[in-house]
Amino acid sequence: MTRTVIGVGVAVLAAGGLIVWGVLADRPEELSASEPAEQAVATLESADAVLEGVQTLIRTGESDRALAVLDAAVRTYPDDRELRLAFAELLVGRGEPGEAYAQYEVAITAGEPEAAVEFKAGGAAGLMGDREKAAAHYAKAAELEPGNADYAETLGLSLIGINDLEAAKVSLLRATAVDPDRGRSWGALAEIALRQNSTGLARQHARRAQQSQPGVAAWRVIEARALKREGSVEDALLLLLAIEGTSRTPAILRATAECYGLLELPGEAEAMYVEAAGNAATAVAGELWREAALWAERAGDLDSALRHARSAAAFGDEAGAKIAARLGGG
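Sequence order as written defines the numbering, with residues in each chain counted from 1. With the structure being a predicted model, the display of local features is reserved for residues of pLDDT at least 70 and the display and counting of side-chain atom pairs for 80 or more, all residues being used for whole-chain, interface and lining totals. As a convention, hydrogens and water are excluded, and side-chain values are obtained from all of the structure's heavy atoms.

Draft legend 1. Quick peek at the environment of Val92. Here a strand is any run of E in DSSP of at least two residues, a helix any run of H or I of at least four, and the numbering for each starts at the N terminus. By the secondary structure assignment, Val92 is in helix H4 (residues 81-93). Taking the C-alpha atoms as reference points, Val92 and Ala124, 32 residues apart in sequence, are found 7.0 Å from one another.

Given below as structure tokens:
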């Protein structure tokens, strides 16, 4: 087991490998701001003292100094796992996952196998963009602690990222066996089922996800996609229209518009996009006005299509400007 000298809370998302960390100080020791890092490490005389001194530096906002001290410390005490872990997590917090991963690699070999260390290494690998390495570390963490639902879920999500869907299902089902209320695991299982064209199973899993996380619109979208694939377009549309306006992302609007299109209601899709564009932030307003223009054109309302395309162009949307030019508006 590792010494609890720097306490770190870690949350990892498999899609991007995000790591959030914090530091709690217990018995801080002072480190002179002007003293060279190597001299400071020698003065403190032990790895524990270095870690306690680093706590003080981080607590007072001197992260550059803390980094320099830890850099010197891992050279002075190369086999000390806690120093490597503290250094790695500080590097992650500073946006240097590659350097952090190198420290995790050494930490892993510096002691007995430990699930938490493997899990953090997986997070750093994910931040590096190396999905294969991330999945390998998450798999080791899940193997060491098979009863940990977080590890099983994160492994499952990472396996989806490398398209190992069968192994992902096994891991996600293990997570739900440990904790049946894991909405993200059920939602991921629904996505896998949909990719494998098992629409009935996708709807079942998506509903379980909605029961656990009723406020997450993504699970309704997966169910709607399954219904649409089965030909139940009206039911899919009703499900999508029930999503609150504040949660209706461009992707949700697109899925809703596809249903309107299949039902031969392009004017409804246009009206939806006009409303959304009128309430949208500047960053996405151009895209929404462009979609409104395209749906108006499909409905045969060329005057509205031109007007919407001009609005899109006014927000800097180049595709909207091209539509306006094509429609004769210049």
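Here the narrative resumes.
Draft legend 2. Region of interest: the nonpolar core. Formed by 56 residues in total, the largest nonpolar core has its most connected members in Val54, Leu70, Leu83, Tyr104 and Ile160. Take this core: its biggest share by element is eight residues, from H4. We call a set of buried Ala, Val, Leu, Ile, Met, Phe, Trp, Tyr and Cys residues a nonpolar core when their side-chain atoms join them within 4.5 Å. Between buried and exposed lies partly exposed: a residue is buried under 20% and exposed over 50% of the maximum accessible area for its type, with that area taken using a 1.4 Å probe on protein chains only. Grouped together as the second largest cluster of nonpolar side chains are 27 residues, Cys259, Tyr273, Ala276 and Ala285 included.

Draft legend 3. Inspection of the side chain of Ser185 at higher detail. As for its position among the elements, Ser185 is in helix H10 (residues 183-195). Ignoring any residue separated from it by four or fewer positions in sequence, one finds Ser185 in contact with Glu153, Leu172, Ala175 and Thr176. Working rule for contacts: check all heavy atoms of both residues, and any pair within 4.5 Å makes them a contact.

Draft legend 4. Representation of the pattern of salt bridges in the model. Salt bridges are defined as contacts in which a side-chain nitrogen from Lys or Arg sits within 4 Å of a carboxyl oxygen from Asp or Glu. Counted according to the given criterion, the structure contains 19 salt bridges. Here Asp71 makes a salt bridge to Arg75, at a shortest N to O gap of 3.6 Å. Here Arg75 and Asp71 lie together in helix H3 (residues 63-76), a separation of four residues that amounts to about one turn. Residues Asp150 and Arg182 are paired through a salt bridge, measuring 2.6 Å at the closest nitrogen-oxygen approach. Highlighted residues: Asp150 in helix H8 (residues 149-161) and Arg182 in the loop between helix H9 (165-178) and H10, separated in sequence by 32 residues. Its relative accessible area of 41% is what places Asp150 among the partly exposed residues. Assessed through its relative accessible area of 15%, Arg182 is described here as buried. Via salt bridges that share partners, Asp150, Glu153, Asp179 and Arg182 belong to a single interconnected network.

Draft legend 5. Highlighting the packing of helix H15 (residues 266-278) against helix H16 (residues 282-298). Helix axes are fitted only over the stretch in contact, all axes being lines through C-alpha atoms; the angle between N-to-C directions runs from 0 to 180 degrees. H16 packs onto H15 with a crossing angle of 160 degrees between their chain directions and a minimal axis gap of 8 Å. With respect to their mutual orientation, H15 and H16 come out roughly antiparallel. The two elements H15 and H16 cross, and the hand of that crossing is left-handed. Residue-level contacts link Pro266, Ala269, Glu270, Tyr273, Val274, Ala276, Ala277 and Gly278 of H15 to Ala285, Leu288, Trp289, Glu291, Ala292, Trp295, Ala296 and Arg298 of H16. When residues are grouped by polarity, Ala, Val, Leu, Ile, Met, Phe, Trp, Tyr, Cys and Pro land in nonpolar, Asp, Glu, Lys and Arg in charged, and all others, Gly among them, in polar. Grouping the amino acids of the contact of H15 with H16 by side-chain chemistry returns 12 nonpolar, one polar and three charged. If an angle is under 35 degrees, it is roughly parallel; if it is over 145, roughly antiparallel; if it lies from 65 to 115, roughly perpendicular; otherwise it is oblique. Crossings are classed by handedness, with left-handed meaning an anticlockwise turn of the near helix from the far one by less than a right angle and right-handed meaning a clockwise turn.

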